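If you want the building blocks of each chain, they are given just below.
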Amino acid sequence: MAGDSRVLMDHNMEIGVTPAQVKKLPKHLREPQISTERTHLISEPVKKPRQRYVQKDGKCNVHHGNVQETYRYLSDLFTTLVDLRWRFSLLIFTLVYVVNWLFFGFLWWLIALVRGDLVHGDEEGWTPCVENLNSFVSAFLFSIETETTIGYGYRVITERCPEGIVLLLVQAILGSIVNAIMVGCMFVKISQPKNRAETLMFSTNAVISVRDNKMCLMFRVGDLRNSHIVEASIRAKLIRSQQTKEGEFIPLNQTDINIGFDTGDDRLFLVSPLIISHEINEKSPFWEMSMAQMEKEEFEIVVILEGMVEATGMTCQARSSYLDTEVLWGYRFTPVLSLEKGFYEVDYNNFHDVYETNTPVCSAKELATKLRDEPLLPQLPLLSPEPTTQTFDPLDCLSELNPLSQDEKMEERDSGDRGENNGSAAALEEPPIAD
């Protein structure tokens, strides 16, 4: 029996079946199971998933804790009300009006109580402050009618009540202020351009490939609406922890990524999807980073697209990010723009698609050093959506990249032909007879 159990356990280990004992462990204590074979028992190390600084939908994954100076939020009360969630905004909107009506209703009831209108209001010849106000409920209804200017005409104030006239003026002024604040908050909250950013798209991955003999980091952006973003501009940040020469550790250090600030390419005319390119040069943080080194690095690229909404004129901002695992080396984006009869058509089904292309695996610095001696264009394939079989040597990027040029081949062929002809003529000639 023990032998059968051992054979069954060995068989389970061979086919990758998890033993029954492991299933009894809590979920957070279970280790990921590795499918094992007879010739392969250890899997390759898997890179741990990294916490995002900015989510794919643009939300910043940062929470502020231990904020003791909470009074600062009240100093900018309007912005605080606008930034609240909808459930809290509606709750505060309702409470402000109800509390305001109750407060002034209590004051109207208090005036009636002090003047004796609640006791002598039904007597003939008695002039109350407010007609037909005989309880707190009627005072509350009169407060609502006064502030909302409904005016049913059943309860009215008389001219023999100066304190009531003063209270009417105060309620009218304060009611207008409350309406301005609350309606303004709701209008700004409704008209916020955050929802406009939902129709601005970023590609799922960023790619690295060669453009005009230069290594470039690229990603794609697009706008789904026909109403365009005016004065659109884009910028990018590299988020990576850094340690200075003095030993200081800087978590989540931000470094600018130049995507055309000097040349004006960061100003976009976003009518159709555009591929944003960052040239990896001496000022780029990826200058000395090869494909193998990038796989070991941990970083995040945050891209920010800003512009004004054409319909409202309000500033809109859309954000996204790319982790190091979402940057694909040796790929290009599939074209999405095609020419139809009388117009250009954008196929958003291929917006996130990429295809593989021949790209050196060395760093941009090493590539630039090699290009100073030999051009790279003869070795690069033509741009086509189909991958080619010609690749660079991943073990040695600095090997010979170019074959002999056509002129050199012709010269070599001509010299070879002349050598063969000379050899044949010499063979036909008779050797000279020695005297």
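It should be emphasised that the depicted structure is a prediction, and the values quoted were computed from it without experimental measurement.

With that settled, consider the pairing of strand β4 (residues 229–243). By the bridge criterion, 9 bridges tie β4 to strand β8 (residues 300–309) in an arrangement that is antiparallel. Residue Lys237 lies in a different strand from β8, and its bridge partner there is Val302. Bridge analysis of β4 against strand β6 (residues 267–268) gives 2 bridges, and the strand direction is antiparallel. Opposite Ser233, over in β6, you have Arg267 as the bridge partner. Inspection of the sheet shows β4 paired to strand β5 (residues 249–257) by 7 bridges, in the antiparallel sense. Residue pairing across strands places Leu238 opposite Thr255, the latter belonging to β5. As consecutive antiparallel partners, β4 and β5 are separated by 5 residues, and within that stretch Gly247 has a phi angle of approximately 95°, a positive value.

Turning to the state of the cysteines, a few remarks are in order. A complete count under the given rule lists 1 disulfide for this structure. Each sulfur of the disulfide joining Cys129 and Cys161 lies 1.9 Å from the other. Disulfide Cys129-Cys161: the torsion about the S-S bond is -75°, which places it as left-handed. Of this pair, Cys129 sits in the loop between α6 (117–120) and α7 (136–148) while Cys161 is found in the loop between α7 and α8 (162–190), placing the two residues 32 residues apart along the sequence.

What the rule picks out here adds up to 9 aromatic pairs. Summarising the aromatic geometry, the rings of Trp108 and Phe142 are spaced 4.9 Å apart at their centres and angled 85° between planes, so their arrangement reads as edge-to-face. Pair noted here: Trp108 is in helix α5 (residues 86–115) and Phe142 is in helix α7, with a separation of 34 residues, a long-range link. For Phe142, a relative accessible area of 5% gives the class buried. Their ring planes at 65° and their centres at 5.7 Å tell us that Phe286 and Phe299 sit as a pair that is edge-to-face.

Before going further, it helps to spend a moment on the UniProt feature "transmembrane region" (unreviewed entry) in the chain. The positions that UniProt labels "transmembrane region" (unreviewed entry) are, in the present scheme, residues 88–111 and 165–188. With 100% helix and 0% strand, residues 88–111 has end C-alpha atoms that lie 35 Å from one another. Secondary structure over residues 165–188 splits into 100% helix and 0% strand, and the C-alpha atoms at its two ends are 35 Å apart.

Cut-offs and rules
Residues numbered from 1 in each chain as written. Predicted model: local features only at pLDDT ≥ 70, side-chain atom pairs only at ≥ 80, totals over all residues. Heavy atoms only, no water. Pairing = 2+ DSSP bridges. Helix = DSSP H or I, 4+ residues; strand = E, 2+ residues; numbered from the N terminus. Disulfide = S-S within 2.5 Å. Phe/Tyr/Trp six-rings, centres within 6.5 Å; stacked < 30°, edge-to-face > 60°. Buried < 20%, exposed > 50% of the residue type's maximum accessible area, 1.4 Å probe, protein only. UniProt positions renumbered as here; feature names shortened; annotations may be inferred.

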